[in-house]
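Notes for the structure review
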Amino acid sequence: KPTAMNRLGFLSFCNIAYFLIRLAQVLLRLQSKRTTMSTTPSTVNSTASNVNGKTGEIIGGKYSGTIDCLYQQFLRGGLPALFHGMNAKLLQTVLTAAFTFLTYEQTLTLVGWIYGALRYNHARKQK
């Protein structure tokens, strides 16, 4: 029978897995942007420092997929490299939740006040 701690552990695991997949997606997207930038004539000079002269590959990683991307990141910086941007993401998540809760509470208060005023006026008219 699943307990609350088991569910919490599973949700934590899912959040970490989601963050790692998003990290790999961003790195793969940046890689594809650098590849297209380095092949256009107007940016060849500006990206020449990022290209290996012997093989023509982009320095900083050529990933063949999500797992390869995460593996190369792990080899470069260990476990901290995989969670490098997580502080900013956690700050964003906490602030979003705080503003959502604040907005909900203020809206609930306003709706309650309007409902109470309408109900009071309706009761006065019936007298």
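Just so it is clear, the structure is predicted and the values come from calculations on it, not from any experiment.

1. Comments concerning helix 2 (residues 66–82)
The terminal C-alpha atoms of helix 2 lie 13 Å apart, and with 17 residues this falls more than 12% below the ideal 24 Å at 1.5 Å per residue. Taken as a whole, helix 2 carries its principal kink of about 105 degrees at Arg76; the proline Pro80 stands between one and four residues after it. Those residues of helix 2 lying buried are Cys69, Leu70, Gln72, Gln73, Gly78, Ala81 and Leu82.

2. A short note on a positive patch on the surface
Residues Arg22, Arg29, Lys33 and Lys89 make up a contiguous surface patch of positive charge. Among the elements that take part in the positive patch, helix 1 (residues 4–39) stands out by supplying three residues, more than any other. With relative accessibility at 45%, the residue Arg29 sits in the partly exposed group.

3. Remarks on the layout of surface pockets
Within this model, the largest pocket holds a volume of roughly 300 Å³. Only helix 1 and helix 3 (86–126) provide two or more residues apiece to the lining of the largest pocket. If you tally residues by element for the lining of the largest pocket, the top one is helix 1, at six residues.

4. A word on the packing of aromatic side chains
Under the counting rule described, the total for this entry stands at one aromatic pair. Centre to centre, the rings of Phe19 and Phe83 are 6.1 Å apart; their planes meet at 10 degrees, and the pair counts as stacked. Of the two residues, Phe19 sits in helix 1 while Phe83 sits in the loop between helix 2 and helix 3, which places them 64 residues apart along the sequence. You can call Phe19 buried: its relative accessible area is 14%.

5. What about a nonpolar patch on the surface?
Together, Tyr71, Phe74, Leu75 and Leu79 give the surface a local cluster of nonpolar side chains, amounting to about 440 Å² of exposed area. Summarising the element assignment, Leu79 is placed in helix 2.

6. So, the environment of Leu27
Among the secondary structure elements, Leu27 is positioned in helix 1. Residue contacts for Leu27: discarding those within four places in its chain leaves Tyr63, Cys69 and Gln73.

7. As for the side chain of Gln73
Along the chain, the position of Gln73 falls in helix 2. With relative accessibility at 14%, the residue Gln73 sits in the buried group.

Analysis parameters
In this convention, every chain numbers its residues from 1, walking through the sequence in written order. Totals for whole chains, interfaces and linings use all residues, but because this is a predicted model, local features are given only for residues with pLDDT of at least 70 and pairs of side-chain atoms are given and counted only at 80 or more. Here the side-chain values reflect all heavy atoms present in the structure, with hydrogen atoms and water set aside. Helical segments are the DSSP runs of H or I of at least four residues, strand segments are the runs of E of at least two, and each set is numbered from the N terminus. One less than the residue count of a helix, multiplied by 1.5 Å, gives the span that helix is expected to have. Fitting one axis to the seven residues ending at a residue and another to the seven starting there, the bend at that residue is the angle between the two axes. Here the term buried applies to any residue with accessible area under 20% of the maximum for its type, exposed to any over 50%, and partly exposed to those in between, with areas from a 1.4 Å probe on protein chains only. Residues form patches when they are more than 30% accessible in relative terms and have no salt bridge. Like charges link within 9 Å. Nonpolar side chains (Val, Leu, Ile, Met, Phe, Trp, Tyr) link within 5 Å. Computed with the Shrake-Rupley method and a 1.4 Å probe, the accessible areas treat only the protein chains shown as cover for residues. Should a side-chain nitrogen of Lys or Arg be within 4 Å of a carboxyl oxygen of Asp or Glu, the pair is scored as a salt bridge. Charge counting follows a simple rule: Lys and Arg are positive, Asp and Glu are negative, and His as well as the terminal groups are ignored. In this description, the location of a charge corresponds to atom NZ of lysine, CZ of arginine, CG of aspartate or CD of glutamate. Grid points spaced at 1 Å and placed over the protein atoms alone form the basis of the search, with a cavity being a set where a 1.4 Å probe fits but cannot get out and a pocket an open set showing protein on both sides within 12 Å along at least five of seven lines. Lining residues have an atom within 4 Å of a point. Grid points are joined across faces, edges and corners, and a volume is the space filled by probe spheres set on the points. Side-chain rings of Phe, Tyr and Trp, where Trp is taken by its six-membered ring, are said to pair if the distance between their centres is within 6.5 Å; with planes under 30 degrees apart they count as stacked, over 60 as edge-to-face, and otherwise as tilted. Residues count as neighbours in contact if any of their non-hydrogen atoms are within 4.5 Å of one another.

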